[in-house]
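The residues making up each chain are set out below.
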There are 2 protein chains.
Amino acid sequence: MSKHRGSNATKYDKQTDAPTEEQRPLSELLRLPAGAVDLSSIPTGSTLGFPGRGKADAGSVTADLRPELDELQERLFATGRSTPETAPKVLLVLQGMDTSGKGGVVRHAIGMVDPQGVDITSFKAPTKTELAHPFLWRIERALPGPGTIGVFDRSHYEDVLIVRVRNLVPEAEWSARYDEINDWEARLVDSGTTVVKCFLHVSHEEQKERLLARLDDPTKHWKYNPGDVDERQLWPAYTEAYEAALERCSTQHAPWFVVPADRKWYRNWAVAQLLVEHLRALDLRWPAADYDVSTEQARVTSS
Amino acid sequence: MSKHRGSNATKYDKQTDAPTEEQRPLSELLRLPAGAVDLSSIPTGSTLGFPGRGKADAGSVTADLRPELDELQERLFATGRSTPETAPKVLLVLQGMDTSGKGGVVRHAIGMVDPQGVDITSFKAPTKTELAHPFLWRIERALPGPGTIGVFDRSHYEDVLIVRVRNLVPEAEWSARYDEINDWEARLVDSGTTVVKCFLHVSHEEQKERLLARLDDPTKHWKYNPGDVDERQLWPAYTEAYEAALERCSTQHAPWFVVPADRKWYRNWAVAQLLVEHLRALDLRWPAADYDVSTEQARVTSS
């Protein structure tokens, strides 16, 4: 696989000068650095870490991940079947402005994974029942089981994003949630869940293009909602809310990754690559037989 | 199936001339004929209806389904979003002896579908809570929502299969279930769910090969369970139970399809093809915009 990087891949790589960018895992390259977050300083069109020359390579570079992703996911799944009490869980959290491509990532990156091992939850506006519970209640209920990769299309972060922007609860309430989220995620990680939080970072201009593209194509009209423009008009407030969430909730145990999302092919590859790197880090073996193999071979043979 | 869809037409629509044997839909070719069922008379190694020359073509022939499957599934999903009250649902039921490849079908056929639109339930031995309810209780709770393709890896049929073979409830109880299942499926279909029931038909000899293959490969040891041989020794009883279930529960509204499953590549293609044919038959349009497109174009442009 070529290690040549995209032409604008270097803008965000200012944290350190050694080792070189090509040798560093994407999970280091895209990990949000500690400190104040200014989203306007992070490029949305970058192809940081992409091991090809660009869009023309994207299909094959992404497909190249598949055999390893398959095996890693199957080891995870097998471990879940074999030793559910101790098997790891993985939770991929997808957040981003409208049109940033959460659905596209599910389709194209998560779509590469055996669907039996994946549990996708798409969080909508909470129901009355959900609102009657603490905000983490519905989230907790959607957590992946042993050996499973959970995917959250939106998540508990909505409770400090739209809720904050639209004043859906008093400030005293939402402002306490950052710490609650950190504590909750810490417990989740302690209980054996790897948490991979991806902010799909799309530009204001690219969002406009994508909304117009939906309006231009009758097969995409269903994806458009007039409320999308109302939300778009709150872009600065959402940006502020995202910056606060990213800054306050990017922790050692559950960091945020900022995925440049103006290029769909890069975004999809990047999330798949992040998933592969986190699965690799679990370093799972195939479960050993808990029966005598030769005895069973004889039993099957004579059956 | 509609022949003409005007501007909403899919480019994958094919005009059929007088249907030859080869051009008959797979859902006709594999549909269980009415009457007594003798599984030994139905080939397990057949490639009935496969539009290629064999295994060497299987990858490309199956991949060729993908664009149409994508579009049909997305129309279904879009309809579910737009008009959930009336949107259709699809339920694919997978049954078959151990090693017949229910998991392989989920991975390779269902794996082609956008995972957002798919809801997979793998039914294991019922829990104490589930046993405290009527047998259809847990099934009902797993039904797909509007616009969704539900997949059952095992199903309510286990309640007339293993339950019958292993005498888990009195005969009076399991023997009443065939009618209960038919009534329940009829109501399900009436409420807008297309039910596609596939029996993956594998031979006794092929099962032995697959069990031995699992034992020969340490990366597959986790898939093997010594209890598999115990079940295998009940092959004749299971065959009888399957024949009864297929015969009594293949109805006009929810027929059984018998999918020859000794060749994995054929089995995976066949289930994908059956899914495509059933989705096609829904004849869904892209939902129309419920807003004024040019007004919205102006709003987005000036935003």
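None of the values given here were measured: they were computed from a predicted structure. (Residues numbered from 1 in each chain as written. Chains lettered and ligands numbered in written order. Predicted model: local features only at pLDDT ≥ 70, side-chain atom pairs only at ≥ 80, totals over all residues. Heavy atoms only, no water.)

Student: Is there a simple way to think about the pattern of salt bridges in this case?
Tutor: Any two side chains of opposite charge can pair if their charged atoms end up close together. Enumeration according to the criterion identifies 41 salt bridges over all chains in this entry. The closest approach of N and O atoms between Arg 154 of chain A and Glu 158 of chain A, which form a salt bridge, is 3.1 Å. Judged by its relative accessible area of 11%, Glu 158 of chain A falls in the buried class. One salt bridge connects Arg 248 of chain B with Asp 179 of chain B, and the closest N-O pair in it is separated by 3.8 Å. Of this pair, Arg 248 of chain B sits in helix H12 (residues 235-249) while Asp 179 of chain B is found in helix H9 (residues 177-190), placing the two residues 69 residues apart along the sequence. For Arg 248 of chain B, a relative accessible area of 38% corresponds to the partly exposed category. Salt bridges here are not isolated pairs; linked through shared partners, they connect Asp 70, Glu 74 and Asp 114 of chain A together with Arg 107 and Lys 223 of chain B. (Salt bridge = Lys/Arg side-chain N within 4 Å of Asp/Glu carboxyl O. Buried < 20%, exposed > 50% of the residue type's maximum accessible area, 1.4 Å probe, protein only. Helix = DSSP H or I, 4+ residues; strand = E, 2+ residues; numbered from the N terminus.)

Student: Explain helix H10 (residues 204-216) of chain B here, please?
Tutor: One turn of the α-helix equals 3.6 residues, which is why residues spaced by three or four share an orientation. In this model, H10 of chain B (13 residues) spans 19 Å end to end at C-alpha, consistent with the 18 Å of a helix rising 1.5 Å per residue. Residues of H10 of chain B that are buried: Gln 207, Lys 208, Arg 210, Leu 211, Leu 212, Arg 214 and Leu 215 of chain B. (Expected span 1.5 Å × (residues − 1).)

Student: Explanation requested: the relation of the copies chain A and chain B in the structure shown.
Tutor: Each of the two chain copies can be generated from the other by rotation about an axis followed by a shift along it. Superposing chain A onto chain B takes a rotation of 180° combined with a translation of 0.0 Å along the rotation axis, leaving an RMSD of 0.1 Å. Here the two chains are linked by the operation of a two-fold rotation axis. The fraction of interface residues of chain A whose copies in chain B are also interface residues reaches 100%, indicating that both copies meet through the same surface. (Least-squares fit on C-alpha atoms with pLDDT ≥ 70 in both. Contact = heavy atoms within 4.5 Å.)

Student: Looking at this model, I keep getting lost on the UniProt feature "domain: Polyphosphate kinase-2-related" (unreviewed entry) in chain A. Mind explaining?
Tutor: Those places that UniProt annotates as "domain: Polyphosphate kinase-2-related" (unreviewed entry) correspond, in this numbering, to residues 66-281 of chain A. Segment residues 66-281 of chain A splits into 50% helix and 15% strand. End C-alpha atoms: 17 Å apart. (UniProt positions renumbered as here; feature names shortened; annotations may be inferred.)

Student: What is the right way to look at the environment of His 201 of chain B in this model?
Tutor: All names here are of chain B. One can find His 201 in strand S4 (residues 193-201). Residues His 201 and Arg 267, spaced 66 residues apart in sequence, show a C-alpha to C-alpha distance of 9.1 Å. With residues near it in sequence (within four places) discarded, His 201 still touches Leu 39, Ile 42, Pro 43, Thr 44, Val 258, Val 259, Pro 260, Ala 261 and Asp 262. Among the polar contacts listed, one links the side chain of His 201 to the backbone oxygen of Ile 42, at a separation of 2.8 Å. (Polar contact = N/O pair within 3.5 Å; in protein donor to acceptor, adjacent residues only side chain to side chain.)

Student: Please explain the interface of chain A and chain B as it appears in this structure.
Tutor: By convention, interface size is frequently given as the accessible area that disappears when the constituent parts associate. In this complex, chain A contributes 44 residues to the contact, which on the side of chain B involves 44 residues. Summed over the shared surface of chain A and chain B, the number is 10 salt bridges. For Glu 74 of chain B, the salt bridge goes to Arg 107 of chain A, with nearest N and O atoms at 3.6 Å. For the side of chain A that touches chain B, the residue count by class is 20 nonpolar, 10 polar and 14 charged. (Nonpolar A, V, L, I, M, F, W, Y, C, P; charged D, E, K, R; others polar.)

Student: Quick question: what am I supposed to make of helix H12 (residues 235-249) of chain A here?
Tutor: In this model, H12 of chain A (15 residues) spans 20 Å end to end at C-alpha, consistent with the 21 Å of a helix rising 1.5 Å per residue. Taken together, the buried positions of H12 of chain A are Trp 235, Tyr 238, Thr 239, Ala 241, Tyr 242, Glu 243, Ala 244, Ala 245, Leu 246 and Cys 249 of chain A.

Student: In this structure, what is going on with the sheet that holds S4 of chain B? I would like to understand it.
Tutor: Hydrogen bonds along the backbone pair up the strands of a sheet, which may run parallel or antiparallel. Residue and element names in this part refer to chain B. One open sheet holds the 5 strands; their spatial order is S2-S3-S1-S4-S5, and the pairing between them is parallel. A single partner strand is all that each edge strand has here, and the edge strands are strand S2 (118-122) and strand S5 (256-260). Strand-to-strand, the axes of this sheet are offset by a mean angle of 20°, without reference to chain direction. Pairing analysis gives 5 bridges linking strand S1 (residues 89-96) to strand S3 (residues 149-153), with the strands arranged parallel. Looking at the pairing, Val 90 lines up with Ile 149 of S3. Contacts between helix H13 (residues 264-282) and the sheet are confined to S1, S3, S4 and S5, with S5 contributing the most and set at about 150° to the helix. (Pairing = 2+ DSSP bridges. Axes fitted to C-alpha atoms, helices over the stretch in contact; angles between N-to-C directions.)

Student: So what exactly am I meant to see when it comes to the nonpolar core here?
Tutor: A general feature of soluble globular proteins is that nonpolar side chains tend to end up buried together. Formed by 79 residues in total, the largest nonpolar core has its most connected members in Leu 30, Tyr 157, Cys 198 and Tyr 266 of chain A. Examining the composition of this core, we find that 10 residues originate from one element, helix H13 (residues 264-282) of chain A, more than from any other. Excluding residues within four positions of it along the chain, Tyr 266 of chain A makes contact with Leu 26, Leu 30, Ser 46, Thr 47, Leu 48, Phe 50 and Pro 260 of chain A. Core analysis: the next-biggest nonpolar cluster, separate from the first, contains 77 residues, Leu 76, Val 105, Tyr 157 and Leu 275 of chain B among them. (Core = buried A, V, L, I, M, F, W, Y, C linked by side-chain atoms within 4.5 Å.)

Student: Just to check I follow, could you spell out empty space enclosed by the protein for this structure?
Tutor: Take a probe with the size of a water molecule and roll it over the atoms, and the empty space left behind shows itself. On inspection of all chains with the given rule, the structure shows 1 cavity of 30 Å³ or more. Approximately 40 Å³ is the volume found for the largest cavity. Taken together, Ile 110, Gly 111, Val 113, Pro 115 and Val 118 of chain A together with Ile 110, Gly 111, Val 113 and Pro 115 of chain B form the lining of the largest cavity. (1 Å grid on protein atoms, 1.4 Å probe; cavity = no way out; pocket = protein on both sides within 12 Å on 5 of 7 lines; lining within 4 Å. Points joined across faces, edges and corners; volume = space filled by probe spheres on them.)

Student: Even after reading the chapter, I still don't get unusual backbone geometry, so can you show me in this structure?
Tutor: Leave glycine aside and you will find that most residues have negative phi; peptide bonds, for their part, are mostly trans. Residues and elements named next belong to chain A. Despite not being glycine, Arg 154 shows a phi value in the positive range, around 70°. Mapped onto the elements of the fold, Arg 154 is located in the loop between strand S3 (149-153) and helix H7 (162-165). Even without glycine at this site, Asp 283 takes up a positive phi of about 50°.

Student: Got a minute to help me understand the confidence of the model for chain A in this structure?
Tutor: In regions of low pLDDT, the predicted coordinates are not meant to be interpreted in detail. Of the residues in chain A, 93% reach a pLDDT of 70 or more, and the chain-wide mean stands at 93. In this model, residues 1-17 of chain A is a region of pLDDT below 50 whose contacts with residues beyond four sequence positions or in other chains number 47 contacts. (pLDDT = per-residue confidence, 0-100.)

Student: It is not clear to me how the side chain of Gln 207 of chain A should be interpreted in this structure. Could you clarify?
Tutor: All names here are of chain A. By the secondary structure assignment, Gln 207 is in helix H10 (residues 204-216). The buried category is assigned to Gln 207, whose relative accessible area is 2%. When residues no more than four places from it in sequence are discounted, the contact partners of Gln 207 are Met 97, Asp 98, Thr 99, Arg 232 and Trp 235.

Student: Looking at this model, I keep getting lost on the packing of aromatic side chains. Mind explaining?
Tutor: The geometry of an aromatic ring pair is captured by two quantities: the separation of the ring centres and the angle between the planes. Inspection of every chain in the model, using the stated rule, returns 20 aromatic pairs over all chains. Ring plane angle 50° and centroid distance 5.7 Å describe the contact between Tyr 266 of chain A and Trp 269 of chain A, whose orientation is recorded as tilted. Of the two residues, Tyr 266 of chain A and Trp 269 of chain A both sit in helix H13, 3 residues apart, roughly one turn of that helix. With respect to class, Tyr 266 of chain A is no different from Trp 269 of chain A; both count as buried. Arranged with centres 4.6 Å apart and planes meeting at 45°, the rings of Phe 199 of chain B and Tyr 242 of chain B form a pair that is tilted. Here the residue Phe 199 of chain B occupies a position in strand S4, and Tyr 242 of chain B occupies one in helix H12, the gap between them amounting to 43 residues. Ring pairing ties together the aromatic residues Phe 50, Trp 265, Tyr 266 and Trp 269 of chain A, which thus form one cluster. For the cation-ring pair, Arg 177 of chain A lies above Phe 135 of chain A, with the distance from its terminal atom to the ring centre recorded as 4.5 Å. (Phe/Tyr/Trp six-rings, centres within 6.5 Å; stacked < 30°, edge-to-face > 60°. Lys NZ or Arg CZ within 6 Å of the ring centre and 35° of its normal.)

Student: Whenever I open this one, the sheet that holds strand S2 (residues 118-122) of chain A confuses me. Can you help?
Tutor: Residue and element names in this part refer to chain A. The parallel open sheet is built from 5 strands, whose spatial order is S2-S3-S1-S4-S5. Looking at strand neighbours, the two that pair on one side only are S2 and strand S5 (256-260), the edges of this open sheet. Pairs of neighbouring strands in the sheet enclose a mean axial angle of 20°, with direction left out of account. Where S2 and S3 come together, 5 bridges link them in parallel fashion. Counted as the bridge partner of Val 118 is Ile 149 from S3. Contacts from helix H9 (residues 177-190) reach strand S1 (89-96) and strand S4 (193-201) within the one sheet, and its direction differs from that of S4 by about 130°.

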